[in-house]
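Notes for the structure review
Below, each chain spelled out in residue letters.
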Amino acid sequence: MRKTALITGATSGIGRAIAHEFAKHDINLILCGRRQERLDTIKKAFGRTTDVYTLNFDVRDKSATFEALASLPEEFSKIDILINNAGNAHGLDPIQDGNPDDWDAMMDINVKGLLYVSKAIIPQMTERQSGHIINIGSSAGKEVYPKGNVYCASKHAVLAITEGMRIDLNPFGIKVSAINPGLVETEFSQVRFKGDNSVADKVYEGYKALQPEDVAEIIYFAVSRPAHVNIADLLVFPTAQASSTIVKK
Ligand code: NDP
Ligand code: 8X3
């Protein structure tokens, strides 16, 4: 029987690539994001290969998140795989110059949004005693880099939550994994630099960054392991990157 995966942040970058990879492997998809027109386009593209349902909500909005996830039709209501991917960096400033609105966005989306979505989905997994939750962390969840302060804190929190989830959900047979990429060429830097593409493009200049498809393939590998194997915590860099701050250009 086909599995069903719910992917947050499926309108772009890593989330969209995961949707593509999963569609190739006959996994039914629930795709989430705020940009409905993109969800429609992606549904059209992958809907020929697999069954796709879209949900439009902002993970910062607790009641909208719970309402959206409670509204799934019967045929999409059993979620085998949850990919907590929605997230972004907002700004790159030393702490003394940081914008509290950016701090709110990162903590509310990357940390609290992940918790709200998980809270809505976990009960059906504990009841069935099966499921796989993949949280998209970051190399920024393993080391802090200059001006990364609050983004790095949000991704350290994702890693701590992942470990906590794995401990608490292990008795229910639920797998929990953190996949932590280094630099991936997506719309991430456009968001971080608030649409200033002259700055955003420079992030990926002069070396080959990870592509979203590279991360998606790793995630499919993680979800397709045998029942007794759980990839707990995986860190992946582009070859040109040795750490958050060392990139060979
Ligand atoms: P993108 O900007 O390309 O994609 C971000 C996704 O998150 C979009 O689909 C966006 O959808 C969704 N999203 C953002 N804010 C919200 C919100 N408030 N509510 C619902 N959805 C939201 O970036 P990436 O693909 O690179 O990022 C995906 C994940 O990977 C993030 O968690 C990021 O931190 C992590 N990551 C990225 C790395 C990189 O170098 N790019 C490296 C390591 C980790 P929409 O705007 O339609 O809502
Ligand atoms: C995204 C990678 O290095 O921009 O998590 O923080 S980085």
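The structure presented is a predicted model; accordingly, all values stated were derived computationally and were not measured.

**Let's talk about the site of ligand 1**
In the vicinity of ligand 1, 28 residues are found, and the nearest of them are G9, G13, G33, R34 and G87. Broken down by secondary-structure element, the contributors of at least two residues to the shell around ligand 1 are α1 (13–24) and α6 (188–192). No other element matches α1, which puts three residues into the shell around ligand 1.

**Regarding unusual backbone geometry**
Keep in mind that most residues, glycine aside, have a negative phi and that most peptide bonds are trans. Phi is positive for Q129, which is not a glycine, with a value near 60°. With respect to the secondary-structure elements, Q129 resides in the loop between α4 (100–128) and β5 (132–136).

**Side note on the packing of α4 against helix α5 (residues 149–169)**
Where α4 meets α5, the axes come as close as 9 Å, and the angle between the chain directions of the two elements is 10°. Comparing the axis directions of α4 and α5 gives the class roughly parallel. Here W103, M106, M107, N110, V111, L114 and L115 of α4 lie close against α5, whose contacting residues are V150, Y151, S154, K155, A157, V158 and I161. Looking at the contact of α4 with α5 residue by residue, the classes come out as eleven nonpolar, two polar and one charged.

**Observations concerning the sheet that holds strand β7 (residues 233–236)**
Taken in spatial order, the seven strands make up an open sheet running β3-β2-β1-β4-β5-β6-β7, and their pairing is parallel. This sheet does not close on itself; its edge strands, each paired only once, are β3 (52–56) and β7. Taking each pair of neighbouring strands and ignoring which way they run, the sheet shows an average axis angle of 15°. Pairing analysis gives four bridges linking strand β4 (residues 81–84) to β5, with the strands arranged parallel. If you follow L82 over to β5, its bridge partner there is I133. α5 rests against β5 and β6 (175–181) of the sheet, and its axis sits at about 160° to β6.

**What to know about the pairing of β3**
Sheet topology note: the strand β2 (residues 28–33)/β3 ladder contains five bridges and is parallel. Bridge pairing in β3 places L31 opposite T54. Running through helix α2 (residues 36–46), the crossover from β2 to the neighbouring parallel element β3 is right-handed.

**Side note on the nonpolar core**
If you look at the biggest cluster of nonpolar residues, it comprises 60 residues, and the most contacted ones within it are I7, I18, A19, L29, L31, I83 and I219. Ranked by residues supplied to this core, first place goes to α4 with eight residues. Those residues in contact with I18 that sit more than four places away from it in its chain are I7, I83, N85, A216 and I219.

The rules behind each value
Residues numbered from 1 in each chain as written. Chains lettered and ligands numbered in written order. Predicted model: local features only at pLDDT ≥ 70, side-chain atom pairs only at ≥ 80, totals over all residues. Near = placed C-beta within 6 Å. Helix = DSSP H or I, 4+ residues; strand = E, 2+ residues; numbered from the N terminus. Axes fitted to C-alpha atoms, helices over the stretch in contact; angles between N-to-C directions. Parallel < 35°, antiparallel > 145°, perpendicular 65-115°, else oblique. Contact = placed C-beta atoms within 7 Å. Nonpolar A, V, L, I, M, F, W, Y, C, P; charged D, E, K, R; others polar. Pairing = 2+ DSSP bridges. Right-handed = clockwise from strand over helix to strand, strands pointing away. Core = buried A, V, L, I, M, F, W, Y, C linked by C-beta atoms within 7 Å. Buried ≥ 20, exposed ≤ 12 C-beta atoms within 10 Å, placed from the backbone.

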